[in-house]
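# Fold and geometry: a report
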Amino acid sequence: MDALQKLLKTEKDTQDFAYRLAKELQPNDVLTLEGELGVGKTTFTKGLAKGLDIKRNISSPTFTIVKEYRGRMPLYHMDVYRLENSMEDIGFDDYFFGNGVTVIEWASFIAPFLPEERLDIALRYSENDNSREITLTPFGEHFEQVVKALS
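In what follows, the accompanying structure is described. Bear in mind that the values here come from a model prediction, so they are computed numbers and not experimental data.

This paragraph deals with the pattern of salt bridges. According to the stated counting rule, one finds three salt bridges in the structure shown. Residue Lys12 is joined to Asp16 by a salt bridge in which the shortest nitrogen-to-oxygen separation is 2.8 Å. On the criterion of helical spacing, the pair formed by Lys12 and Asp16 is a turn pair, its members being four residues apart in helix 1 (residues 11–22). When its relative accessible area of 54% is taken as the criterion, Lys12 is described as exposed. Residue Asp16 is classed as partly exposed on the basis of its relative accessible area of 35%.

Among all residues save glycine, negative phi is the norm, and among peptide bonds the norm is trans. Even without a glycine there, the phi angle at Asn28 is positive, about 80°. With respect to the secondary-structure elements, Asn28 resides in the loop between helix 1 and strand 2 (30–34). Positive phi values are uncommon outside glycine, yet Asp53 reaches one of about 65°. You can see Asp53 is positioned in the loop between helix 2 (41–51) and strand 3 (66–69).

Mapped onto the secondary structure, Gln5 falls in strand 1 (residues 4–8). For the pair Gln5 and Leu136, spaced 131 residues apart in sequence, the C-alpha to C-alpha distance is 6.5 Å. Contact partners of Gln5, with chain neighbours within four places excluded, come to Ile134 and Thr135. A distance of 3.2 Å separates a polar atom in the side chain of Gln5 from a polar atom in the side chain of Thr135.

Right, let's get into the pairing of strand 7 (residues 132–139). One ladder, built from five bridges, connects strand 1 with strand 7; its direction is antiparallel. Bridged to Leu4 within strand 7 is Leu136. In this sheet, strand 7 lies alongside strand 6 (residues 118–125) in antiparallel orientation, the contact comprising eight bridges. Counterpart to Arg118 in the pairing with strand 7 is Phe139.

Positionally, His77 belongs in strand 4 (residues 75–79). What makes His77 buried here is its relative accessible area of 0%. Here Glu105 takes part through its side chain, which lies 2.7 Å from a polar atom of the side chain of His77.

Let's shift gears to the sheet that holds strand 3. Taken in spatial order, the seven strands of this open sheet run 1-7-6-2-5-4-3, and their pairing is mixed. Each edge of the sheet is formed by a strand with only one pairing partner; in this case those strands are strand 1 and strand 3. Averaged over all neighbouring strand pairs, the angle between strand axes comes to 20°, with direction disregarded. In the sheet, strand 4 pairs with strand 5 (residues 101–105) via five bridges, with the strands oriented parallel. For His77, the partnering residue across the bridge sits in strand 5 and is Val103. Across the sheet, helix 4 (residues 141–150) touches strand 1, strand 2, strand 6 and strand 7, and the angle it forms with strand 7 is around 145°.

The rules behind the values
- Residues numbered from 1 in each chain as written.
- Predicted model: local features only at pLDDT ≥ 70, side-chain atom pairs only at ≥ 80, totals over all residues.
- Heavy atoms only, no water.
- Salt bridge = Lys/Arg side-chain N within 4 Å of Asp/Glu carboxyl O.
- Helix = DSSP H or I, 4+ residues; strand = E, 2+ residues; numbered from the N terminus.
- Buried < 20%, exposed > 50% of the residue type's maximum accessible area, 1.4 Å probe, protein only.
- Contact = heavy atoms within 4.5 Å.
- Polar contact = N/O pair within 3.5 Å; in protein donor to acceptor, adjacent residues only side chain to side chain.
- Pairing = 2+ DSSP bridges.
- Axes fitted to C-alpha atoms, helices over the stretch in contact; angles between N-to-C directions.

So this is what it looks like as C-alpha cells:
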C-alpha cells in the first residue's frame, strides 16, 4: 500500500487524527515520528494518548528519553534526539516488543534498532499557511490495514 497523506489545518485536527489512529492500534505497535522542531510531534502524541484513554498530561521526553503512560494499553513515548551519532541500545526491544504502543520522535537517529514492521509518520509545515501535512508510510500488513482504515 502507498503512503497516506493528509492536510491538518489546526492543532485540534492533528490531535483528532492521532486519536482516530490510536483506535486502530494494538500492543507491540511501533510508530516513528519525524518532523522539524515545533511541527507538532508532541501535539500528535497528545491526541494518540487520548485515544489510548490516557489521562495524564503528555510532555516531550527530551531530557528523559522515554516516558511511560498507562491507559487501555501502555504508551511508551521516546524522544531519541539526544542519541544522534550514538549506537547505544537503551533496551529498545523491551519497549518495541512489550505490551504497549511505542512512539519514537526523531526515530531516524536509531534506525538500526527499529523493527521492520512499523508505521512511519512524517509531519511537515504546509507551504500555504500554518497547516501541517502528515504522511503515514506503513511497513507490514497490520500497518497497511491501519492506514487503510484511516483513508
